[in-house]
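# Survey of secondary and tertiary structure
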Amino acid sequence: MDVGRWIGRWPVARSFRVRLVGAAGMPATGPVVLVANHSSMVDGPILFGVLPRRVVFLVKQEMFRGIAGRGLRRIGQLAVRRGVPDRAPLLAAQRVLRGGGVVGVFPEGTRGTGDVAQAQQGAAWLARSSGALVVPVACRGTRRPEGSGRRFRPVVDVLVGKPFELDAGKGRQGLEKATEQVRDRLATLVAELDSRRSVSGEAG
């Protein structure tokens, strides 16, 4: 039994009403760099549990402490030191991709509004260096709106976008262009999900 995904799918995901759309379009095999927006600590566990393929996420180093840290290591997640040049986790993620796996990256680099106004270069570098497809995933509903009280099983929407290949050139300029391509595709998907939630009466 994949205990890690069970935890994501049941105890965590069942605290919310998760609506997953577009998962059938995710490639069933082959290397994939999954990029998602980030607005809450539970984004990763929910995506880990509900997506159709097992994902190795790049997770901030601070989470690898105590029982939670041991659990993250046991399910194969990779620690990243924010603000510190460290190629080790990227090279480990690259090996996952070359083995045909899925690596999950939050390109914003930290939690925020989740609208993907900026993106770091790690996801684009991984996709370019491994030849992996990029799959954008938008997640909304995990962040409690400012000024609101505790919510009972809020609706969380997960929208899986269409896979795409990076078409930027080589070198630093190519990486910058590829990073903007990743950011734009993900930001557009988040905006689409926000529009859907607005029509359905959901917010945040």
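For the structure itself, consult the block above.
Quick look at the structure, then.

## Things to note about unusual backbone geometry
In this structure, V116 is a non-glycine residue whose phi angle is positive, near 60 degrees. With respect to the element layout, V116 can be found in the loop between strand 5 (102-105) and helix 5 (122-130).

## Things to note about the pattern of salt bridges
Where charged atoms from two side chains of opposite charge approach closely, those side chains can pair. One pass over the full model with this rule turns up 5 salt bridges. Here D157 makes a salt bridge to R19, at a shortest N to O gap of 2.7 Å. With D157 in strand 7 (residues 155-160) and R19 in strand 1 (residues 17-21), the pair connects residues that are 138 residues apart, well separated along the chain. We classify R19 as partly exposed; its relative accessible area is 36%.

## Focus: the nonpolar core
In this structure, V33, V35, L58, V103, V105, L126 and L166 are the most contacted members of the largest nonpolar core, which totals 29 residues. Per-element accounting of this core gives the leading share, 8 residues, to helix 6 (residues 171-200). The next biggest cluster of nonpolar side chains, apart from the first, holds 23 residues, and it includes F16, V50, V59 and V135.

## A word on the packing of aromatic side chains
Taken as a whole and judged by the stated rule, the model has 1 aromatic pair. Measuring from centroid to centroid gives 5.5 Å for F57 and F106, while their planes differ by 10 degrees, and the two rings are stacked. One end of the pair, F57, is in strand 3 (residues 55-60); the other, F106, is in the loop between strand 5 and helix 5, with 49 residues separating them in the sequence. The cationic tip of R185 hangs over the ring face of F164; the distance from NZ or CZ to the ring centre is 4.3 Å.

Each value, and the rule that gives it
- Residues numbered from 1 in each chain as written.
- Predicted model: local features only at pLDDT ≥ 70, side-chain atom pairs only at ≥ 80, totals over all residues.
- Heavy atoms only, no water.
- Helix = DSSP H or I, 4+ residues; strand = E, 2+ residues; numbered from the N terminus.
- Salt bridge = Lys/Arg side-chain N within 4 Å of Asp/Glu carboxyl O.
- Buried < 20%, exposed > 50% of the residue type's maximum accessible area, 1.4 Å probe, protein only.
- Core = buried A, V, L, I, M, F, W, Y, C linked by side-chain atoms within 4.5 Å.
- Phe/Tyr/Trp six-rings, centres within 6.5 Å; stacked < 30°, edge-to-face > 60°.
- Lys NZ or Arg CZ within 6 Å of the ring centre and 35° of its normal.

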